[in-house]
Amino acid sequence: MTLKRVILKDSEYEIKRARILRTKQMTETEKYFEIQLPGGESLDHEPGQFVEVSLLGIGEAPISISSSPTKRGSFELVVRDVGKFTGQGGRLTGALHKLEAGDEVGIRGPFGKGFPVRILEGNDLLFVAAGLGVVPLRSLINYVIDNRRDFGKVTILLGCRTPQNMLFADEVNEWNKRLDVNLNCTVDKADPEWKGNVGLITSLIPGVTLEPERTFGVVVGPPIMYKFVIKELLKKQIPERQILLSLERHMKCGLGKCGHCQINDVYCCQDGPVFSYDKTKNFPEAV
Amino acid sequence: MQYVTLKKERFDDFISRLAQDKKVVAPVAQDNNAYAFEPVTSGRQIAKDYIPTILPPKKYFMPQYETLATFNIGNGQQMEPVVEYERMILFGVRTCDLAGIQCLNMVFSERPKDHNYLVRKSKIIIIGYECNDYCDEYASCRLVHNHTPNGGYDLFFTDLGDKFIVHINTQAGDEIIEKTKLFEEANEKDLKALEALREKKRKIFANEVPVVHENIPQVFEKSYNSNIWEDLGKKCLSCGNCTNVCPTCYCFDVIDEPNLDLKTGKRYRRWDSCQSETFAKVAGGESFREERAARQRHRYYRKFKYPVDKFARLFCTGCGRCSRTCMAKINLKETVTALVAEQGLTDKKAGKE
Ligand SMILES: Cc1cc2nc3c(=O)[nH]c(=O)nc-3n(C[C@H](O)[C@H](O)[C@H](O)COP(=O)(O)OP(=O)(O)OC[C@H]3O[C@@H](n4cnc5c(N)ncnc54)[C@H](O)[C@@H]3O)c2cc1C
Ligand code: SF4
Ligand code: FES
């Protein structure tokens, strides 16, 4: 007649013990991690999905998978140290920044609905990423580049605060060199060496030539950005259902239960994080 | 139909016999006309007339604190998922609370399944108990059709004066009847008495809000931008009492607790409330329901709108706990009455015989 505690075999909270293969401090606040599951098992994710990353004793947080599923054997994450970035909180992300190759992290997932890759095939793609948004979007961009023939015209618009904040600068350079990718960058604040645009990401959209009926706009960035970017894309006549957004919410379980990520009657962790605008426009709490 | 009866003078014996081999929990009187589910060993400890307990029986299905895993990081990220449970018999569950358990069952058995909940649920036997009259003025069980039993129990007790008539709903319930050996076959007269009682209840329980039951979803479809939410927002203190006592609120937080050795510890979940401002806040600082009005609306929509779309079921059980407990006197019956009036759907005759 007492409380019994037994091992639960099929718990959704079980983590996999994953090993960090490589790390790189990308900016003052962003760190890159290459991670391998036990036995090199594939994560088997879709571009745009996320994992729950654990450090037992500290906590768990949702982190986007930055690598494309076409990369086998390991996957990549980029973590922003929230404490350093905002000046408050950051328990888990701060602890993750202290880890190096050889250390372990716990992984659950992948979770959520990613980008509808099959639906995007054959269409033109306009990627719009601001700030950390390039991290999840990169999983799709590299997927598209690895299957380049299956997609139409590819345009990438990137925005960040300063040139030093640019994530994956080498890779962005590679994308820029390709003749089958159009790329344009802008920064909020330039330095003397910066040769690109200065201004908000929205200022890049009017200059893009596109065929709206065969173009998908794929947008990822901080919450305040969406309203303005969507407005510009609609001005370009891109249909509402062809505007895809990845939304960030507070998350705990990733299982559609804890309620933290709820946007009206959908759960961002299970029904999202990727939504099309024709859906989110009906959720007053979405953007 | 499988009905038996239990003479009232045998009730104490019944509870003591149950308590011999299982933990029995039932409503026990507290101070200030309050009641709580607590372990009992005899029928005398159980409250005779009781308004809904302070906390609903959800505390046994989804405890306020629950260990999800234990860990040891002495050698990497090693964790062992666990489930904590206790075999028990819940006695005296009102029809509103039976409905609450049914709602939680739906939520946690939906994929991805919550095995912690499902294991615990499988260890609990439920004995329901009929309300012959209203518990108090806060209840709105007629509005949501929970004033009479809609299943979800193993046995169900109805007070017929000198005896209880008991509906046997499951094999587990039948085994209790067989084992305790205190029950008699129900006769024609008992069944007639039950029928008469239910007939009488149809008159006592009248719609607490003047609206046709079928129109409730429509009211909430149209009320999203109502000013009534602002009114609630101005009163609400964001204390979260309403969500704690709600039989169908199940939001939670997941927290790690290292032991003093800083190597071992546990990951547990604990009830959380959508009424707190930080509930939907993200690292960048954005909070997606920053205003109290938006959070109150969210609470009501999670009872009257979202679950109707998802599970074809209202998640308000009519128990009245949120209104009874609210320090700011936010009253569910009044809120719904005002929303109904605003939509022009007031129907004074609705739900009355
Ligand atoms: C789908 C998704 C993808 C994400 N991808 C990335 C990514 O690729 N890189 C990255 O650096 N960050 C990402 N984030 C944000 C990241 O999850 C938060 O920065 C992190 O949870 C902060 O945890 P903390 O303990 O360091 O911060 P603290 O401020 O100490 O704690 C915040 C608390 O809120 C909880 N929380 C849950 N979700 C969030 C959230 N979204 N924002 C803030 N707090 C949250 C945390 O678990 C923690 O308990 C993503 C968030 C979501 C929802
Ligand atoms: S109990 Fe009342 S004051 Fe407290 S959060 Fe609920 S509605 Fe607001
Ligand atoms: S993170 Fe728990 S419901 Fe989505």
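Residues numbered from 1 in each chain as written. Chains lettered and ligands numbered in written order. Predicted model: local features only at pLDDT ≥ 70, side-chain atom pairs only at ≥ 80, totals over all residues. Heavy atoms only, no water.

Asks: Describe in detail the site of ligand 1, supporting the description with residues and values.
Replies: Lining the immediate environment of ligand 1, one finds 24 residues, of which A:Pro62, A:Arg80, A:Gly90, A:Thr93 and B:Ala283 sit closest. Backbone polar atom of A:Val78 to a nitrogen atom of ligand 1: 2.8 Å apart, as the coordinates give it. Contacts to ligand 1 include A:Glu248, whose side-chain N or O atom sits 3.0 Å from a nitrogen atom. Protein coverage of the free-state accessible area of ligand 1, which is 840 Å², stands at 85%. Of all elements in the fold, only β5 (59-64), β6 (75-80) and α2 (91-97) of chain A reach the threshold of two or more residues within the shell around ligand 1. Among the elements that take part in the shell around ligand 1, β5(A) stands out by supplying five residues, more than any other. Broken down by class, the residue content of the shell around ligand 1 amounts to 13 nonpolar, five polar and six charged. (Near = heavy atom within 4 Å. Polar contact = N/O pair within 3.5 Å; in protein donor to acceptor, adjacent residues only side chain to side chain. Areas by Shrake-Rupley, 256 points an atom, 1.4 Å probe, with all protein chains shown as cover. Helix = DSSP H or I, 4+ residues; strand = E, 2+ residues; numbered from the N terminus. Nonpolar A, V, L, I, M, F, W, Y, C, P; charged D, E, K, R; others polar.)

Asks: Just give me the short version of the packing of helix α1 (residues 11-21) of chain B against helix α5 (residues 171-180) of chain B, but keep the residues and values in it.
Replies: All names here are of chain B. Running from N to C, α1 and α5 cross one another at 110 degrees; their axes reach a closest spacing of 10 Å. Between α1 and α5, the angle falls in the class roughly perpendicular. Across the interface between the two elements, Phe14, Arg17, Leu18 and Asp21 of α1 pack against Ile176, Lys179 and Thr180 of α5. Here the residues of the contact of α1 with α5 sort into three nonpolar, one polar and three charged. (Axes fitted to C-alpha atoms, helices over the stretch in contact; angles between N-to-C directions. Parallel < 35°, antiparallel > 145°, perpendicular 65-115°, else oblique. Contact = heavy atoms within 4.5 Å.)

Asks: Which residues make up the environment of B:Val254, and what values do they have?
Replies: Here B:Val254 shows up in strand β11 (residues 252-258). Residues B:Val254 and B:Met79 lie 175 residues apart in sequence; the distance between their C-alpha atoms is 15 Å. In this structure B:Val254 touches A:Lys252, B:Leu68, B:Arg267, B:Tyr268 and B:Arg269, once residues within four positions along its chain are discounted.

Asks: Any chance you could break down the side chain of B:Lys201 for me, citing the residues and the numbers?
Replies: All names here are of chain B. Tracing the sequence through the fold places Lys201 in helix α6 (residues 188-204). Engagement of the side chain of Lys201 in a polar contact is seen with the side chain of Glu130, the distance being 2.7 Å. Ignoring any residue separated from it by four or fewer positions in sequence, one finds Lys201 in contact with Glu130, Cys131, Asn132, His147 and Thr148.

Asks: Account for the packing of aromatic side chains, with residues named and values stated.
Replies: Tallied over the full model, the rule gives 29 aromatic pairs over all chains. Ring plane angle 65 degrees and centroid distance 6.1 Å describe the contact between B:Tyr129 and B:Phe164, whose orientation is recorded as edge-to-face. One end of the pair, B:Tyr129, is in strand β7 (residues 124-129); the other, B:Phe164, is in strand β9 (residues 163-168), and 35 residues separate them in sequence. Across the pair, exposure class does not vary: B:Tyr129 and B:Phe164 are buried alike. Pairwise contacts between aromatic rings join B:Phe11, B:Phe14, B:Tyr35, B:Tyr50, B:Phe91, B:Tyr129, B:Phe157, B:Phe164 and B:Phe183 into one cluster. Between A:Arg138 and the ring centre of A:Phe168, over which it is positioned, the NZ or CZ distance is 3.9 Å. Directly above the aromatic system of B:Tyr50 lies the positively charged group of B:Arg94, at a separation of 3.8 Å from the ring centroid. (Phe/Tyr/Trp six-rings, centres within 6.5 Å; stacked < 30°, edge-to-face > 60°. Buried < 20%, exposed > 50% of the residue type's maximum accessible area, 1.4 Å probe, protein only. Lys NZ or Arg CZ within 6 Å of the ring centre and 35° of its normal.)

Asks: Just give me the short version of the side chain of B:Ser226, but keep the residues and values in it.
Replies: Residue and element names in this part refer to chain B. Here Ser226 lies in the loop between α7 (216-222) and α8 (228-235). A distance of 3.0 Å separates a polar atom in the side chain of Ser226 from the backbone nitrogen of Ile228. Setting aside anything within four residues of it in sequence, one finds Ser226 in contact with Leu339 and Glu342.

Asks: Account for the pairing of strand β8 (residues 155-159) of chain B, with residues named and values stated.
Replies: For a regular strand, side-chain orientation follows a simple rule: the groups alternate between the two sheet faces. Residue and element names in this part refer to chain B. Burial analysis of β8 places four of its five residues in the buried class, the great majority of the element. Bridge count between β7 and β8: three bridges; the pairing is parallel. Opposite Tyr129, over in β8, you have Phe157 as the bridge partner. Here β8 hands over to β9 after three residues, with Gly161 in that stretch at a positive phi of 100 degrees. (Pairing = 2+ DSSP bridges.)

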